[in-house]
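Commentary on secondary and tertiary structure
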Amino acid sequence: MASSSSSSLSRVVVKSSDNNLFVVNKKVASQSQLLKQCIDNMEEKGTNDVILIPLSNVTSNILTLVLEYCEKHADFADDDNNNQELKQWDHEFLKKFDYATLNSLTMAADYMVTKSLLNLCCQFIADSIKDLTVQQIRQIFDIKNDFTPQEEADIKNENAWAFR
Amino acid sequence: MPGFISEKRRLTESSMCFSNHSKDAHETRSQAVNDCYVPILPGLPDDVAKLCLALVPRTSFPTMGAVSNLWRSFIRSKEFITIRKQVGLLEEWLYVLTIDDEGKESQWEVLDCFGNRDRILPPMPGEFKMGFGVLVHHGKLLVMAGRTVSDGAASPTADVYQYDSSLNRWSKLSSMNVARYDFACAEVGGMIYAVGGYGLDGESLCSAEVYNPDTDEWTLIESLRRPRWGCFACGFEGKLYVMGGRSSFTIGNSKFVDVYDPDNHSWCKMKNGCVMVTTHAVLGKKLYCMEWKNQRKLAVFNPDDNSWDTIPVPVTGSLSIGFRFGILDGKLLLFSIKHEPGYRTLLYDPEAAPGSEWKTTDIKPSGSCLCSVTMKA
């Protein structure tokens, strides 16, 4: 809880790994527990300066996406994750990314401790796994088939007993 | 609006927040890289990848289990169930073993939490058996030992099979040290115990053994002082209780309870058990039994003070109905042993307001019920 009188600044500056600076509304930044903790720590120290938070793991194109998400979600209450409009927005938001971008976004959400975005990304990846065949999963996620031919035959045999 | 900053202002860099955040995670991740590490999902840290896999609907598990060894072993792991539990995805299922009218063919039916028949398990491997032990452990159904009947002669087996609910597959585990049937089994503190029963040539057994699911090993433990068979067991507060059945020590049925304490590897006896139990189930912190001599009462054991209580069963229809217990959604279900078209399953809810604990339900296995267990997976 930041109660210091010097914490009048409503914005912070976030620096991406490729050294671009983003001015972010404090309420938006607080969607990330990492940023929120930084802000709280700095405010406890009673600084009057603009707070600069460097993120060594997040590039500016991914940071832009995370902040876009945070900005949207800052408009809704914490317990409003079931809001239909927000859900729709989340879905549209993630739909447009390729797998590499989705991966980077997931990692950024993990790193920046933006739990709702992390869960959203993981669920999105999970939902895409759901509709894939074994071959497609290996191809899309670049996973090596390390079964022996015998093991593979056994598994196929088992799975012939599909859920009925 | 987030955007690029254009003007120069006095900036104070926050440096402290990176020293502690997720440092451990990053260290373990980079260590793993050095050790010829294969990620579950390339590009993602394993803890995140595991969450992704755990969020996939269960119908895709067999497909996922066929992707790679790493995926397969993760889906079979305790951790997989644990993560699914954390994100609230565990569902409860009733596995009911039913048998046809000739008593020759049995099958496991799976009922969902509404009692709808969801599927039938692939057939149990091995010969047709009776007198085996059944229990559920971390999303796996274990079917242990028992006797096979060929040419009219009963022969005990030590085979143990496991059904993996995620992969929809049976596999064989390590066999018990002692082949046995009509024995007691229960889980205590993550370990699985098998006690007494009949062995070779129908000899009654006092031997007991414990299975460690993490190492797939059966180890003999301190034996009972006297052989005991036809008994059953349950675990409470880290202790194993073996009740019912018969013991060579007593004439008739044993009222004694053998209690095993895994911490000091020893057995002790308690006097007030119940006898001739036809079905039992643990619900909440209590043991519910049905005694052969009175099938219109539940005998309820409270391990806190080792006391017994009785609850009358509201009789419906034929007096000849015998019961098997099932547990679903914190409620005790009383299935009819025999296929009784007119019988509606009785449901006992211990949490309900006094007077309204009993209801009936449409949840019902399709045939005669041999036993049922509750699976959370």
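Residues numbered from 1 in each chain as written. Chains lettered and ligands numbered in written order. Predicted model: local features only at pLDDT ≥ 70, side-chain atom pairs only at ≥ 80, totals over all residues. Heavy atoms only, no water.

Side note on the overall build of chain B
- Looking only at helices and strands, one finds six helices and 28 strands in chain B.
- Classification of the 377 residues of chain B by burial places 51% in the buried group.
- Contacts in chain B between residues at least 24 apart in sequence constitute 45% of all its contacts with a sequence separation of at least 6.
- If you sum the accessible surface of chain B, you get close to 17,700 Å²; carbon and sulfur atoms cover 51% of it. (Helix = DSSP H or I, 4+ residues; strand = E, 2+ residues; numbered from the N terminus. Buried < 20%, exposed > 50% of the residue type's maximum accessible area, 1.4 Å probe, protein only. Contact = heavy atoms within 4.5 Å. Areas by Shrake-Rupley, 256 points an atom, 1.4 Å probe, with all protein chains shown as cover.)

Examining the packing of aromatic side chains
- On inspection of all chains with the given rule, the structure shows 20 aromatic pairs over all chains.
- Taking the centre distance of 6.4 Å and the plane angle of 45° together, the rings of Y69 of chain A and W89 of chain A count as tilted. You can see Y69 of chain A sitting in helix α3 (residues 60-74) and its partner W89 of chain A sitting in helix α4 (residues 84-95), a full 20 residues away along the chain.
- Residue classification places Y69 of chain A among the buried positions, given a relative accessible area of 1%.
- Residue W89 of chain A is classed as partly exposed on the basis of its relative accessible area, which comes to 21%.
- Aromatic rings pair up to connect Y69, W89, F93 and F97 of chain A into one cluster.
- When the ring centre of W93 of chain B is taken as reference, the NZ or CZ atom of R119 of chain B above it lies at 5.6 Å.
- Across the ring face of F256 of chain B, the terminal group of K269 of chain B is positioned such that the distance to the ring centre comes to 5.3 Å. (Phe/Tyr/Trp six-rings, centres within 6.5 Å; stacked < 30°, edge-to-face > 60°. Lys NZ or Arg CZ within 6 Å of the ring centre and 35° of its normal.)

Focus: the domain arrangement of chain B
Residues and elements named next belong to chain B.
- Domain assignment breaks chain B into domain 1 (36-90) and domain 2 (94-376).
- One C-alpha centre belongs to domain 1, the other to domain 2; they are set 31 Å apart.
- The interface is formed by ten residues belonging to domain 1 together with eleven residues belonging to domain 2.
- Roughly 1,000 Å² is buried in total at the junction of domain 1 and domain 2, and carbon and sulfur atoms are behind 54% of that figure.
- At the junction of domain 1 and domain 2, the tally comes to two salt bridges.
- The partner of R76 in a salt bridge is D164, and the shortest N-O contact between them spans 3.9 Å.
- Linking domain 1 with domain 2 are two residue pairs in polar contact (both at pLDDT 80 or more).
- Elements with a contribution of two residues or more to the side of domain 1 that touches domain 2: α4 (61-64), α5 (69-75) and α6 (78-86). (Domains from an automatic or database assignment. Buried area = accessible area lost by both parts, 1.4 Å probe. Salt bridge = Lys/Arg side-chain N within 4 Å of Asp/Glu carboxyl O. Polar contact = N/O pair within 3.5 Å; in protein donor to acceptor, adjacent residues only side chain to side chain.)

What about α6 of chain B?
Residues and elements named next belong to chain B.
- Every buried residue of α6 is accounted for by F80, I81, I83 and R84. Along the axis of α6, the buried residues cluster in a sector spanning 165°; they form a single face. In α6, the exposed positions angled more than 90 degrees off the buried face are occupied by K85 and Q86.
- On its buried face, α6 is in contact with α3 (46-54), α4 and α5.
- Where α6 terminates, the next one or two residues include G88, which has phi positive at roughly 75°. (Arc of directions from axis to C-beta.)

Here we look at the sheet that holds strand β3 (residues 106-111) of chain B
All names here are of chain B.
- Taken together, the four strands give an open sheet; going across it, the order is β4-β3-β2-β28, and neighbouring strands pair in antiparallel fashion. With one partner strand each, in any of the chains shown, β4 (117-120) and β28 (368-376) form the two edges of the open sheet. Across this sheet, the average inter-strand angle for adjacent strands is 25°, counted without regard to direction.
- Where strand β2 (residues 92-99) lies against β3, six bridges are found, and the strand directions are antiparallel. Among the inter-strand pairings, T98 is bridged to a residue of β3, identified as Q107. (Pairing = 2+ DSSP bridges. Axes fitted to C-alpha atoms, helices over the stretch in contact; angles between N-to-C directions.)

Description of the pairing of strand β18 (residues 257-261) of chain B
Residue and element names in this part refer to chain B.
- With five of five residues buried, β18 is to be regarded as a mostly interior element.
- A two-sided burial pattern is seen for β18, the buried positions comprising V257, V259 and D261 on one face and D258 and Y260 on the other.
- Two strands pair when backbone bridges link them, and strand β16 (residues 239-243) and β18 are joined in this way by three bridges, in the antiparallel orientation. Of the residues in β18, the one forming a bridge with V242 is D258.
- With five bridges connecting them, β18 and strand β19 (residues 266-270) associate as antiparallel partners. Directly across from D258, in β19, lies its bridge partner K269.
- Here β18 folds back onto β19 in antiparallel fashion, the turn holding four residues, of which H265 has a positive phi close to 55°.

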